[in-house]
Amino acid sequence: MSLVECPECNKEMSSTAPTCPHCGWVRRFEEAERKDISIGRILFALSLCLIIFLLALPYFDNSLVTANFGVKWEYKITPIKDENLEKEMDKMGKEGWEMISARRASGYGGEFSYEMIFKRKMREERK
Ligand SMILES: [Zn+2]
């Protein structure tokens, strides 16, 4: 409830009061009702938007929806030499691999390279 100016005597009156306590001005019923309808319409439109958004979500971004439901991952552990690092990383990225771990490891010849672990989502098996 808030205070508004009476259109007749310009004194303060409650926005919800049907009549002015000072001059007896009577609020027309439809005026108050119109306000309710417009708020109701806005709420209805907003909830409609929300419902449409939720329904359309699976089609917009599949990863968002499937992120927590039965996603299967495949992993690859591979050593990558320093001189090929950027090239190899680009290649893995193009194949859909995401690096989740990298460590400095020594190889058989005593040389060091990065041992990396990649993961990517498994493609859905076709029946
Ligand atoms: Zn008044």
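On a predicted model such as this, the values are computed, not experimentally measured, just so you know. (Residues numbered from 1 in each chain as written. Predicted model: local features only at pLDDT ≥ 70, side-chain atom pairs only at ≥ 80, totals over all residues.)

Let's talk about the overall build of the chain
- A count of helical and extended segments in the chain gives three helices and five strands.
- Reading the helices (α) and strands (β) of the chain from amino to carboxyl end gives β-β-α-α-β-α-β-β.
- Counting the 127 residues in the chain, one finds 4% classified as buried.
- Partitioning the intrachain contacts of the chain with sequence separation of at least 6 by distance along the chain shows that 33% fall at a separation of at least 24. (Helix = DSSP H or I, 4+ residues; strand = E, 2+ residues; numbered from the N terminus. Buried ≥ 20, exposed ≤ 12 C-beta atoms within 10 Å, placed from the backbone. Contact = placed C-beta atoms within 7 Å.)

Some thoughts on the confidence of the model for the chain
- Per-chain confidence: the chain averages 83 in pLDDT, with 83% of residues scoring 70 or above.
- Of all secondary-structure elements in the chain, the lowest mean pLDDT belongs to helix H2 (residues 62-66), at 56, while helix H3 (residues 85-94) reaches the highest, 93. (pLDDT = per-residue confidence, 0-100.)

Examining the environment of Thr-16
- Looking at the element boundaries, Thr-16 is found in the loop between strand S2 (12-14) and helix H1 (29-60).
- Overall, Thr-16 belongs to the exposed group, with 10 C-beta atoms counted inside 10 Å.
- Between the alpha carbons of Thr-16 and Leu-3 there is a distance of 8.7 Å; along the sequence they are 13 residues apart.

Quick notes on unusual backbone geometry
- One non-glycine residue, Asn-10, adopts positive backbone phi at about 65 degrees.
- Topologically, Asn-10 is positioned in the loop between strand S1 (3-5) and S2.
- Overall, Asn-10 belongs to the exposed group, with 11 C-beta atoms counted inside 10 Å.

Focus on the sheet that holds strand S4 (residues 98-106)
- A sheet is described by the order of its strands in space; here three strands give the open sequence S3-S5-S4, paired in antiparallel fashion. A single partner strand is all that each edge strand has here, and the edge strands are strand S3 (73-80) and S4. Direction aside, neighbouring strands of the sheet carry axes that sit 20 degrees apart on average.
- Note that S4 and strand S5 (residues 112-121) share eight bridges and pair antiparallel. Within S5, the position partnered with Glu-98 by the bridge is Lys-119. (Pairing = 2+ DSSP bridges. Axes fitted to C-alpha atoms, helices over the stretch in contact; angles between N-to-C directions.)

Focus on H3
- Of all ten residues making up H3, only zero are buried, and the element is barely covered by its neighbours.
- Note on H3: the residue one or two positions beyond its end, Gly-96, has a positive phi of about 95 degrees.

Some points on the pairing of S5
- Bridging between S3 and S5 involves eight bridges; their strand directions are antiparallel. Across the sheet, residue Ile-80 finds its bridge partner in S5, namely Tyr-114.
- Two successive antiparallel strands, S4 and S5, enclose a turn made up of five residues, where Gly-110 displays a positive phi of approximately 80 degrees.

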